[in-house]
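So you can see what is in the structure, the chains are spelled out below.
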Protein chains: 2
Amino acid sequence: MTGKHDLVLERTLNAPRDLVWKAWTDPALLKQWFAPKPYEISEVEMDLKPGGVFRIGMVGPDGFDTGHGNPGCFLEVVDGEKLVWTSALAPQYRPAEGVGEGCESFPMTVIVTLADAGNGKTNYRAVALHKNEADSNTHAEMGFEGGWGKCAEQLEELAQGLAAHA
Amino acid sequence: MTGKHDLVLERTLNAPRDLVWKAWTDPALLKQWFAPKPYEISEVEMDLKPGGVFRIGMVGPDGFDTGHGNPGCFLEVVDGEKLVWTSALAPQYRPAEGVGEGCESFPMTVIVTLADAGNGKTNYRAVALHKNEADSNTHAEMGFEGGWGKCAEQLEELAQGLAAHA
């Protein structure tokens, strides 16, 4: 599945798979962890089905608009297990205009998979696919590993909180 | 489903839906009708599942290479009813490099739907989605209506032949 133009984030989260999935797929929950703090998600639009919209707005700590907000779309949704979305296509699979800032300055597809790791833990894997090495390098230099890693920690913490209230 | 940046081809084919589907999804059959003659399909690669490859080579009557051949991918496959593929994504949903000639000089998504029209006929609909008006106009000027219309006739004829041999 992964190739030389891919970036991979892999973590074992100390939270059960169903709650990690919930934190990923409930827009109100996603909003709380999907940006590496002090960045914040200002808006989320998600329609969890192939061809459905996935759009986020992100702002900096000083209210700085990161230029995010282009609508992408989901490609695969396997309940509790797998999510695939891309910024190369807008909703209903229409080719995207593809001009944004930051992570939206190049097209990418992201494949997220969850698997039981035993003892209420979850193997969390996110792979970002790029069209070429240049885009992959740009994304790496923008801090993919650190950003997605920090978000994974925030996701873990949020899912743990959901468990405490379940 | 359709918007202002779309091109639509709609025909009632005098052939049953299952055979139109067969002519569309069997590479050896697709090869016989998918290029408007005297153009010819020189090669077909198709893996009929979401994320699976869809790639064709096309040559002119004098052996002229049309520059086609970039790999796209399927997005939806509903047996006998619907096919969606895009050139904006390469196989496994990787964002496509997107540099080709002719129809491959811009990204597009195509949605093909088949429906029973009664009396052994089939409503055939192909919608090409573009990222903006410029691409849509380019595609229209390249002869979308005539080309896809001619191919639809070739498809009808081939499917009729399959019926005669069924």
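Residues numbered from 1 in each chain as written. Chains lettered and ligands numbered in written order. Predicted model: local features only at pLDDT ≥ 70, side-chain atom pairs only at ≥ 80, totals over all residues. Heavy atoms only, no water.

You'll find chain A entered in an unreviewed UniProt entry as SRPBCC family protein, with Sphingomonas caseinilyticus given as the organism. In UniProt, chain A has this text filed under Sequence similarities (unreviewed entry): "Belongs to the AHA1 family." (UniProt positions renumbered as here; feature names shortened; annotations may be inferred.)

Enquirer: Help me understand the sheet that holds strand β5 (residues 82-86) of chain B, please; the structure alone is not making it clear to me.
Expert: Strand pairs in the sheet, formed through backbone hydrogen bonds, run parallel or antiparallel to each other. Residue and element names in this part refer to chain B. Strand order in the open sheet made by the 7 strands is β1-β7-β6-β5-β4-β3-β2, with antiparallel pairing throughout. Here the strands that pair on one side only, and so sit at the sheet edges, are β1 (6-13) and β2 (40-46). Direction aside, neighbouring strands of the sheet carry axes that sit 20 degrees apart on average. Two strands pair when backbone bridges link them, and strand β6 (residues 109-118) and strand β7 (residues 121-129) are joined in this way by 9 bridges, in the antiparallel orientation. Its bridge partner lying in β7, D116 is registered against T122. Those strands touched by helix α4 (residues 144-165) are β1, β5, β6 and β7, and its axis lies near 25 degrees from that of β1. (Pairing = 2+ DSSP bridges. Helix = DSSP H or I, 4+ residues; strand = E, 2+ residues; numbered from the N terminus. Axes fitted to C-alpha atoms, helices over the stretch in contact; angles between N-to-C directions. Contact = heavy atoms within 4.5 Å.)

Enquirer: Explain the pattern of salt bridges here, please?
Expert: It is possible for side chains of opposite charge to pair when their charged atoms get near one another. Under the criterion given, the structure shown has 18 salt bridges over all chains. Here K82(B) and E76(B) are joined by a salt bridge, their closest N and O atoms 3.2 Å apart. The exposure class of E76(B) is buried, given its relative accessible area of 17%. What emerges from the salt-bridge pattern is a single network uniting E43(A), E45(A) and R55(A). (Salt bridge = Lys/Arg side-chain N within 4 Å of Asp/Glu carboxyl O. Buried < 20%, exposed > 50% of the residue type's maximum accessible area, 1.4 Å probe, protein only.)

Enquirer: I'm lost on the interface of chain A and chain B in this one. Help?
Expert: Many authors give the size of an interface as the accessible area that is lost as the parts come together. Listed as interface residues are 23 residues of chain A and, on the opposing side, 24 residues of chain B. Of the roughly 1,900 Å² buried where chain A meets chain B, counting both sides, 59% is carbon and sulfur surface. Contact with chain B buries surface across chain A, with Y93(A), R94(A) and P95(A) losing the most and accounting together for 34% of the total. In this structure, R94(A) and D6(B) form a salt bridge, with 2.8 Å as the shortest nitrogen-oxygen distance. Our enumeration of links across chain A and chain B arrives at 8 residue pairs in polar contact (both at pLDDT 80 or more). Mapped by element, the contributors of at least two residues to the side of chain A that touches chain B are β4 (72-78) and β5 (82-86) of chain A. (Buried area = accessible area lost by both parts, 1.4 Å probe. Polar contact = N/O pair within 3.5 Å; in protein donor to acceptor, adjacent residues only side chain to side chain.)

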